[in-house]
Amino acid sequence: MSEVLLTLSPYIKVALPVPMRTLFDYKVPKAIALRHELKPGMRVKVPFGKSSRLGVIVAVSDHSEWDPDQIKPLTSLHDKSPVISAELMALCEWAARYYHHPIGDVIFHALPILLRKGENAEFRTENWWFTTEKGQTTSLEQLSRAPRQQDFLKAVQQHPNGLSQHAASVLDLAPNAAKILEEKGLLRKEPRSFNKGGERHAHVTQIPPTLNMEQMRATEHILDYRHQFHVALLDGVTGSGKTEVFLRVMERLIDEGKQILVMVPEIGLTPQTLKRFENRFNTDIVLMHSNMSDRERLDAWLLAASGHAKIIIGTRSAAFIPAPNLGLIVIDEEHDTSYKQHEGFRYHARDLAIKRAQALNIPVLLASATPSYESLTNALQKRFAWLKLRQRAGNAHIPKMERVDLRGKSLVHGFSEQALVSMKQCLERKEQVLVFLNRRGYAPTLMCHQCGWIAACDHCDVNLTVHKRANKLHCHHCDTQKALIHTCPECQSEELFTVGEGTEQIETQLSTLFKEVPILRIDRDSTQRKSAMAKLTQKIHEHDQAILIGTQMLAKGHHFPNVTLVIIMDADAGLFSSDFRGMERTAQLITQVAGRAGRAKKPGHVLLQTYHPDHTAIECLCNLGYEHFAIDGLAERKSLSLPPFYHQVIIRAESGNEQEAMQLLSTMRNDLEPYFSKDVFLVGPYAAIIVRKAGQHRALISLKSAQRAPLHQATQMMTEWLEQSTKQHRIRFAIDVDPLETY
Ligand code: ADP
Ligand code: ZN
Ligand code: ZN
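Let me begin by describing the structure that accompanies this report. Values in this document were obtained by computation on a predicted structure and should not be read as measured data.

Moving on, we come to the packing of helix H3 (residues 86-98) against helix H14 (residues 349-360). The N-to-C vectors of H3 and H14 enclose an angle of 135°; their axes lie 10 Å apart at closest approach. Classified by the angle their axes make, H3 and H14 are oblique. Where H3 crosses over H14, the two elements pack in a sense that is right-handed. Listed contacts from H14 to Glu87, Leu88, Leu91, Trp94 and Ala95 of H3 are Leu352, Lys355, Arg356 and Leu360. Partitioning the contact of H3 with H14 into residue classes produces six nonpolar, no polar and three charged.

Right, here's the structure in full:
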């Protein structure tokens, strides 16, 4: 007995979802310690302040630095086994240190929402559908007047081992139809635990193409390094068959029993990626993104954590998905800024994934046609392998990029005559046009003709965007929405007019110019509803002739084989950005959008409308391509001591009071600067470009250094200083390590 007591650990360190950079000590009551083995990663209920909270054990220890009489006992143990594995716990601890973020918040971020709320980490049961004898022999034609039932019955007939409720929802089948079919005696159901699959997945239909030389070399290279930590940058022009390369690598690793995490930047891409994978792999694939219900996400998480799911496709937060046999992480469109979380816990999923792979000793594959300057630098400095694909796969060719000089030309709804003529010809050939304009809504400004009044947001220093279809004025920065007005609030004039154009306006105008042609708009407004994107993509594939209008959503990795003409309405949009990353982003966006043209057999053509056709950036991009552009850009970054050659941290502060945030940062700089290493350079505090956002006045201070260590040291000091000082003020602050936005 005494031996047992000696080995009992009477204290636990618990992470709680609170904005404090610390762990909390609790005692383990003997009754619990005797019956359970407490391990890091298990959830516990603990008293906190006047209430109780759910927390996660980070460490179990036989001592505490605090006075034992002051330490409260935990209330109850929530799990039989850890919900955060040792591997993920280490990753969370690293991330909390690296990003100077509260550990509790990091750990809770790593869990699906339902687990944060206390749901059991167990599989639920779901219904499986089978045909009855009658259902097997019933001909589908008998149900021709009930198409939903027909679809459902057809799907179940095609799955002799049963169709899960989950699979039915993935196939977009109506659950109601199943009920009716059951009543008719055509189907029967059987509850099964969610992980007891059978055939959850679709049938493999596709025969893989023969790889070209470049693809083969890249594939072999990664396969050679598949059992160790190794980062490869798969730098392939749009349509060069990058996906095909990682499909081959995945195939081998799945055969070896490994799980694979594939990260994509945009929810809209998951259906396309899923379909492509399902056509190739006879294995369980799960999705993980924010457009799923909380329960669906927990199901996916459990399937991954239990090792059932062999392939996990997810957006940013999937970087934390548990996978006990993880053998490879693929990051598609690695340059995409949506991998960086811009609020709260500001981590970069790519960097985190690389860290994770290093700890697991597995490879990472970064794919992009326009690699980030960070990854290119790593490739140039030989920290990453640099695998180049410079040919388009199959019979496709790189599209021709042509500048259209807008100076002095008369435009029709923002289109040059050349653009309109090319569009007409393209549509006559029964092909598709993609019009790119990175501005959603009808118009960015509403103005009064009589007094010059402009509709502005009450809470931010920006104008409200006009959304005609929704009949609203909308702030794209704080989400404030108001009814669209037709009378000036200043002078009561009814002569309000819009300035500038957004995708909604282009859509309206093109529908008058091209009456017979289907016009599909793809932006955040048109794809809000679940599966809206999937439906739009389906429509795009159904029609031969069509005009697609979209924002940057369209730039991300989509494969529309019949698009042969791309029109970039405003190539100048990002040329004069005040952010040093402006040029990199512009080049990526233009190259990616241009890359949607001519991805199949037909040749593609890209028109860039510009008022600055001789601007070196536009010229370089059109004539020499992205790699050349980026290498020039990197030389400039180096000469200016900017990232990725210098490391950067930005500290942001915001307050409802106009000067407070600025003053606080200023005092901090004065207090701490004498203690910083000489290798740390400070700029600021300075006001954000949009000073006021959602009612908060925002100021920033930037730190940079060629070395990580002194930078982290300075950041640590600032964080501690701010935690102390903001206790009295109502000022919020945030630490942004490796920021992508600097204003
Ligand atoms: P990327 O990911 O580089 O944009 P994809 O892998 O999507 O390119 O390939 C573009 C198109 O070319 C796809 O339709 C794909 O099936 C096809 N493809 C890829 N590799 C080959 C190949 N070796 N031979 C023929 N077609 C290919
Ligand atoms: Zn007015
Ligand atoms: Zn606003």
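Attention shifts here to the coordination of the zinc ion (ligand 3). Looking at the zinc ion (ligand 3), the protein donor atoms are Cys457 (SG), Cys460 (SG), Cys475 (SG) and Cys478 (SG), and they sit 2.2 to 2.4 Å from it. Of note, the donors binding the zinc ion (ligand 3) are all from one chain and are spaced C-x2-C-x14-C-x2-C. With cysteine 460 in the loop between strand E18 (445-448) and strand E19 (465-467) and cysteine 478 in the loop between strand E20 (472-474) and strand E21 (481-483), this pair connects stretches of sequence that are 18 residues apart.

Summarising burial for strand E29 (residues 696-705): nine of the ten residues are buried, a large majority. Where strand E27 (residues 647-655) lies against E29, nine bridges are found, and the strand directions are antiparallel. Of the residues in E29, the one forming a bridge with alanine 653 is alanine 699. The sheet contact formed by strand E28 (residues 681-693) and E29 spans seven bridges and is antiparallel. Following the sheet pairing, lysine 693 is matched in E29 by glutamine 696.

If you check the shell around ligand 1, you find 17 residues, and the closest are Thr210, Gln215, Lys242, Thr243 and Arg276. Between ligand 1 and glycine 239, the relevant distance is 3.0 Å, taken from an oxygen atom to a main-chain nitrogen or oxygen of the residue. Here serine 240 contributes a backbone N or O atom positioned 3.2 Å from an oxygen atom of ligand 1. When ligand 1 is considered free in solution it has 560 Å² of accessible area, and contact with the protein chains removes 78% of it. It is helix H11 (residues 242-255) that provides the largest number of residues to the shell around ligand 1, a total of three residues. Split by residue class, the shell around ligand 1 holds four nonpolar, nine polar and four charged.

Taken in spatial order, the six strands make up an open sheet running E16-E26-E25-E17-E24-E23, and their pairing is parallel. Whereas interior strands pair on both sides, the edge strands pair on one side only; in this sheet they are strand E16 (400-405) and strand E23 (519-522). Neighbour to neighbour, the strand axes of the sheet diverge by 20° on average, direction disregarded. Sheet analysis places E16 next to strand E26 (residues 605-610), joined by six bridges and oriented parallel. Its bridge partner being in E26, glutamate 402 is matched across the sheet by leucine 607. Contacting E16, strand E17 (432-436), strand E24 (546-550), strand E25 (563-568) and E26, helix H16 (residues 417-428) runs over the sheet at an angle of about 165° to E25.

Another point: the sheet that holds strand E12 (residues 311-314). The seven strands lie next to each other as E11-E12-E10-E13-E14-E9-E15, forming an open sheet whose pairing is parallel. Strands with a single pairing partner mark the edges of an open sheet, and in this sheet they are strand E11 (285-288) and strand E15 (385-389). Geometrically, the sheet is characterised by an average inter-axis angle of 20° between neighbouring strands, direction not taken into account. Across four bridges, the pairing between strand E13 (residues 326-332) and strand E14 (residues 363-368) is parallel. Within the sheet, the bridge partner assigned to aspartate 332 lies in E14 and is alanine 367. Against the sheet, helix H15 (residues 373-380) contacts strand E9 (230-236), E14 and E15, and its axis sits at roughly 115° relative to E9.

Looking at the metal site, the zinc ion (ligand 2) is ligated by Cys448 (SG), Cys451 (SG), Cys488 (SG) and Cys491 (SG), spaced 2.2 to 2.4 Å from it. Metal-centred angles of 105 to 114° between the four donor atoms at the zinc ion (ligand 2) mark the site as tetrahedral. Counting the intervening residues between successive donors of the zinc ion (ligand 2) yields the motif C-x2-C-x36-C-x2-C. Relative accessible area serves as the criterion here: at 40%, cysteine 451 is assigned to the partly exposed category.

Conventions we followed
- Residues numbered from 1 in each chain as written.
- Chains lettered and ligands numbered in written order.
- Predicted model: local features only at pLDDT ≥ 70, side-chain atom pairs only at ≥ 80, totals over all residues.
- Heavy atoms only, no water.
- Axes fitted to C-alpha atoms, helices over the stretch in contact; angles between N-to-C directions.
- Helix = DSSP H or I, 4+ residues; strand = E, 2+ residues; numbered from the N terminus.
- Parallel < 35°, antiparallel > 145°, perpendicular 65-115°, else oblique.
- Left-handed = near helix turned anticlockwise from the far one by under 90°.
- Contact = heavy atoms within 4.5 Å.
- Nonpolar A, V, L, I, M, F, W, Y, C, P; charged D, E, K, R; others polar.
- Donors = N, O, S within 2.8 Å, 3.2 Å for Na, K, Ca; no water.
- Buried < 20%, exposed > 50% of the residue type's maximum accessible area, 1.4 Å probe, protein only.
- Pairing = 2+ DSSP bridges.
- Near = heavy atom within 4 Å.
- Polar contact = N/O pair within 3.5 Å; in protein donor to acceptor, adjacent residues only side chain to side chain.
- Areas by Shrake-Rupley, 256 points an atom, 1.4 Å probe, with all protein chains shown as cover.
- Tetrahedral: all angles 85-135°; square planar, octahedral: opposite > 155°, others 65-115°.

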